[in-house]
Amino acid sequence: MSNKALVLTAMTELFVHRDLSALDRYWDAGYIQHNPRMPSGLDFFRKMIPSLGPNFKYEPGLVMEDGEFVMIHGRYTGWGDKTMIGADIFRVRNGRFVEHWDVIQEEVPAAQTLSGQAMFPIV
């Protein structure tokens, strides 16, 4: 499986299906987190995923791969009070996520942007 396919599969299993066993299949035990609001390791996800409310929804979008780095664009709804658009960047080694960075911002409807373009999905 390509790193690109692996990231799409893992993110879908964890965030769409809320399958915590995905952590054991795809995330490394020494997972390094660069988001300043999340700790490294997997315990955070093991507690956070079951706490997501019924209105939580993750929609994966564009996925790009450059060797061991994979970026996935996605929409997070119901994780907080605003819909957020994120770009998650993973370093993948030996089929495992070993490191993560992200950039995330509030979604702005196309009608309210200066360009008139939607932030998500990319078509």
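One numbering rule holds for all chains: residues counted from 1, following each sequence as written. pLDDT decides what is reported in this predicted model: residues at 70 or higher carry local features, side-chain atom pairs at 80 or more are listed and counted, and totals for whole chains, interfaces and linings draw on all residues regardless. Processing note: side-chain calculations cover all non-hydrogen atoms of the structure and skip hydrogens and water entirely.

**Student:** What exactly am I supposed to notice about the overall build of the chain here?
**Tutor:** Segments assigned H or I by DSSP are reported as helices when at least four residues long, segments assigned E as strands when at least two residues long, and all are numbered from the N terminus. A tally of helices and strands in the chain yields three helices and five strands. Tracing the chain from N to C terminus, the helices and strands come up as α-α-β-α-β-β-β-β. In terms of C-alpha radius of gyration, the chain reaches 15 Å, essentially the compact-globule figure of 14 Å for 123 residues. Here the C-alpha coordinates of the chain stretch approximately 45 × 35 × 25 Å along the principal axes. Accessible area is worked out with a 1.4 Å probe on protein chains only. A residue is then buried under 20% of its type maximum, exposed over 50%, and partly exposed in between. For the chain, buried positions account for 37% of its 123 residues. Sequence-distant contacts in the chain: of pairs separated by 6 or more residues, those separated by 24 or more amount to 41%. The accessible surface values rely on the Shrake-Rupley method and a 1.4 Å probe; as for residues, cover is taken only from the protein chains in view. Carbon and sulfur atoms make up 54% of the accessible area of the chain, which totals about 7,100 Å². Restricting the calculation to C-alpha atoms gives the radius of gyration, and the globule rule supplies 2.2 Å times the number of residues raised to the power 0.38. The criterion used for residue contact is that any of the two residues' heavy atoms lie within 4.5 Å.

**Student:** How should the side chain of asparagine 35 be read in this particular structure?
**Tutor:** Tracing the sequence through the fold places asparagine 35 in the loop between β1 (27-33) and α3 (43-51). Pairing of N or O atoms within 3.5 Å defines a polar contact, subject to two protein rules: one partner must be a possible hydrogen donor and the other a possible acceptor, and residues neighboring in sequence count only if both atoms are side-chain atoms. A polar side-chain atom of asparagine 35 sits 2.9 Å from a polar atom in the side chain of aspartate 102. Residues contacting asparagine 35, with those up to four places away along its chain left out, are His100 and Asp102.

**Student:** When you look at the layout of surface pockets in this model, what are you seeing that I'm missing?
**Tutor:** Space left empty within the atom packing is revealed by a probe, the size of a water molecule, rolled over the atoms. As a volume, the largest pocket reaches approximately 430 Å³. Taken together, the elements giving at least two residues each to the lining of the largest pocket come down to α1 (3-16), β1, α3, β4 (84-93) and β5 (96-106). The element best represented in the lining of the largest pocket is β4, accounting for five residues. Under this grouping Gly is polar, as are all residues other than the nonpolar Ala, Val, Leu, Ile, Met, Phe, Trp, Tyr, Cys and Pro and the charged Asp, Glu, Lys and Arg. Taken together, the residues that form the lining of the largest pocket break down as 15 nonpolar, five polar and four charged. The method works on a 1 Å grid over the protein atoms by themselves. A cavity is a set of points holding a 1.4 Å probe that cannot get out, a pocket is an open set with protein on both sides within 12 Å along at least five of seven lines, and residues with an atom within 4 Å of a point line them. Grid points are joined across faces, edges and corners, and a volume is the space filled by probe spheres set on the points.

**Student:** I tried to follow the nonpolar core on my own but got confused; where do I start?
**Tutor:** Across soluble globular proteins, you tend to see nonpolar side chains buried next to one another. Judged by nonpolar contacts, the single largest core of 25 residues is most densely connected at Met11, Phe15, Trp27, Phe90 and Phe97. Looking at this core, the elements with two or more residues in it are α1, α2 (21-26), β1, α3, β2 (57-66), β3 (69-77) and β4. Counting residues per element, this core draws most heavily on α1, which supplies six residues. Here methionine 11 is in contact with Val16, Trp27, Tyr58, Ile72, Tyr76, Asp88 and Phe90, once residues within four sequence places are set aside. What is meant by a nonpolar core is a set of buried Ala, Val, Leu, Ile, Met, Phe, Trp, Tyr and Cys residues, joined one to another through side-chain atoms within 4.5 Å.

**Student:** What is the right way to read the pairing of β5 from this model?
**Tutor:** One face of the sheet, then the other: side chains in a regular strand alternate in exactly this way. Two elements, β1 and β5, share three bridges in a ladder whose sense is parallel. Bridged to isoleucine 32 within β5 is glutamate 99. Strands pair, by our definition, only if DSSP identifies at least two bridges between them. Pairing of β4 with β5 involves ten bridges; the strand directions are antiparallel. Across the sheet, glycine 86 pairs through a bridge with isoleucine 104, a residue of β5. What sits between β4 and β5 in their antiparallel hairpin is a turn of two residues, with asparagine 94 showing a positive phi close to 50 degrees.

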